[in-house]
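# Observations on the three-dimensional arrangement
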Amino acid sequence: MKRLPSDIDARIAALRALLSPCRLCPHECGVDRLAGEVGRCGAGAGTAVASVVPHFGEEPEISGVRGSGAMFFAGCNLRCAYCQNAEISQGRGVRTMRPWTAREGADAMHALAARGCHNINWVTPSHVVPFAVEALALARFEGMDLPLVFNTSSYDGLETLRLLDGIVDVWLADLRYSDDEVARDLSGAEGYVAASRAAIAEMARQVGVDPVHLPDKTLGRGLVIRLLVLPNDLAGVRESLPLLKDAVGTQVRIALMSQYYPTHRADDEPLLFRRVSFGEYARVVETADRLGFVNALIQEPEASEFYRPDFAQ
């Protein structure tokens, strides 16, 4: 049976303390969320879960054959112009969703386990960590022993991440940008570059870069770094790869993502309104190969529909 750290109650208390004033993520917006004030992420004193589904569009070692048990949290601490989940992350209804109790969150995890999912996959949990961990603690106490995947933009506070040491089994981390100005313009994230690199270094410290696979070949412990290729090289993936090599080495699992498609507000951005070209993606793959990354997942150009989540399942 999977165990939580012996000081889990103290961890939860420390995470809750980061909400008042809120400094859970690098925005450090300073509102009193425990008193019901709403942060830049759209969340207040609780967590709303927009969808609970087996998800088959993650990396193969996450989704496996029975799906990843995805819990899509409402709200987000980024405001990406091209967000494919905008209906639940930035939509008008986010603030009106009823917060779930820890009991409801634990029940959702039990339900995903009962459906045969390989893991519990928290999608965009950075802004609701204290509440999610409370639900996880309850589910673990009741015997839910699936690995926990923390699926994040990497715009996470270091203090928050350190309190998750020994709680998260698999870090599924985006590295979105290599340029702070682009990150601010496209995602509203100040200081994204330094924050994300520090976050990924902390994740690697916790679980290492050598994956541990379960008998069903899914990840039981590890780090996967996702690099979404944007049109016109806006993500700067080729600039991120050498820095990633220096920080965590070339053994780390990376996913080079070709799935971008224009959605949400991308039509209003002249550099974002089209799909990624074959040449743009091929140059990224060539760079990863030249730098010696040996565990790179390459996507087919037509992958966008497959990797898009279906909230109606």
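Residues numbered from 1 in each chain as written. Predicted model: local features only at pLDDT ≥ 70, side-chain atom pairs only at ≥ 80, totals over all residues. Heavy atoms only, no water.

### Some remarks on the overall build of the protein chain
A tally of regular secondary structure across the protein chain gives 11 helices and nine strands. Its C-alpha radius of gyration of 18 Å places the protein chain within 12% of the 20 Å reference for a compact globule of 313 residues. Counting only C-alpha atoms, the protein chain reaches 50 × 45 × 35 Å along its principal axes. A total of 313 residues make up the protein chain; the buried ones form 55% of that total. (Helix = DSSP H or I, 4+ residues; strand = E, 2+ residues; numbered from the N terminus. Rg over C-alpha atoms; globule rule 2.2 N^0.38 Å. Buried < 20%, exposed > 50% of the residue type's maximum accessible area, 1.4 Å probe, protein only.)

### A look at helix α1 (residues 8-17)
What α1 keeps buried is the set Ile8, Arg11, Ile12 and Leu15. Along the long axis of α1, the arc covered by the buried residues comes to 95°, so they all point the same way. Summarising the contacts, the buried residues of α1 are in contact with α5 (129-141) and α6 (158-162). (Arc of directions from axis to C-beta. Contact = heavy atoms within 4.5 Å.)

### Overview of empty space enclosed by the protein
Considering all chains together, one arrives at four cavities of 30 Å³ or more under this definition. By volume, the largest cavity amounts to about 620 Å³. Those elements giving two or more residues to the lining of the largest cavity turn out to be β2 (68-73), α3 (86-89), β4 (148-152) and β7 (219-228). Here the lining of the largest cavity gets three residues from one element, more than from any other, and that element is β7. A class-by-class count of the residues in the lining of the largest cavity yields 17 nonpolar, 14 polar and five charged. Roughly 80 Å³ of internal volume is contained in the second largest cavity. For the lining of the second largest cavity, a count of residues per class yields five nonpolar, four polar and three charged. (1 Å grid on protein atoms, 1.4 Å probe; cavity = no way out; pocket = protein on both sides within 12 Å on 5 of 7 lines; lining within 4 Å. Points joined across faces, edges and corners; volume = space filled by probe spheres on them. Nonpolar A, V, L, I, M, F, W, Y, C, P; charged D, E, K, R; others polar.)

### Focus: the pattern of salt bridges
Counted under the stated rule, the structure contains 17 salt bridges. Of the charged contacts in the structure, one is a salt bridge between Arg140 and Asp169, with a shortest N-O distance of 3.6 Å. With Arg140 in helix α5 and Asp169 in the loop between α6 and β5 (170-174), this pair connects stretches of sequence that are 29 residues apart. Here Arg140 and Asp169 have matching classes, each one buried. (Salt bridge = Lys/Arg side-chain N within 4 Å of Asp/Glu carboxyl O.)

### A few points about the packing of helix α4 (residues 102-114) against α5
Between α4 and α5, the least distance of the axes is 8 Å, while the angle of their chain directions is 60°. It follows from the interaxial angle that α4 and α5 lie oblique. For α4 against α5, the interelement crossing comes out right-handed. Seen from α4, the contacting residues are Ala102, Arg103, Gly105, Ala106, Met109 and His110; seen from α5, they are Ala132, Glu134, Ala135, Leu136, Leu138 and Ala139. In terms of residue class, the contact of α4 with α5 is made up of eight nonpolar, two polar and two charged. (Axes fitted to C-alpha atoms, helices over the stretch in contact; angles between N-to-C directions. Parallel < 35°, antiparallel > 145°, perpendicular 65-115°, else oblique. Left-handed = near helix turned anticlockwise from the far one by under 90°.)

### Description of the side chain of Thr250
Position of Thr250 relative to the elements: it lies in the loop between α9 (237-248) and β8 (253-257). One polar contact links the side chain of Thr250 to the main-chain carbonyl oxygen of Gly292, over a distance of 3.5 Å. Here Thr250 is in contact with Lys245, Leu291, Gly292, Phe293, Val294 and Asn295, once residues within four sequence places are set aside. (Polar contact = N/O pair within 3.5 Å; in protein donor to acceptor, adjacent residues only side chain to side chain.)

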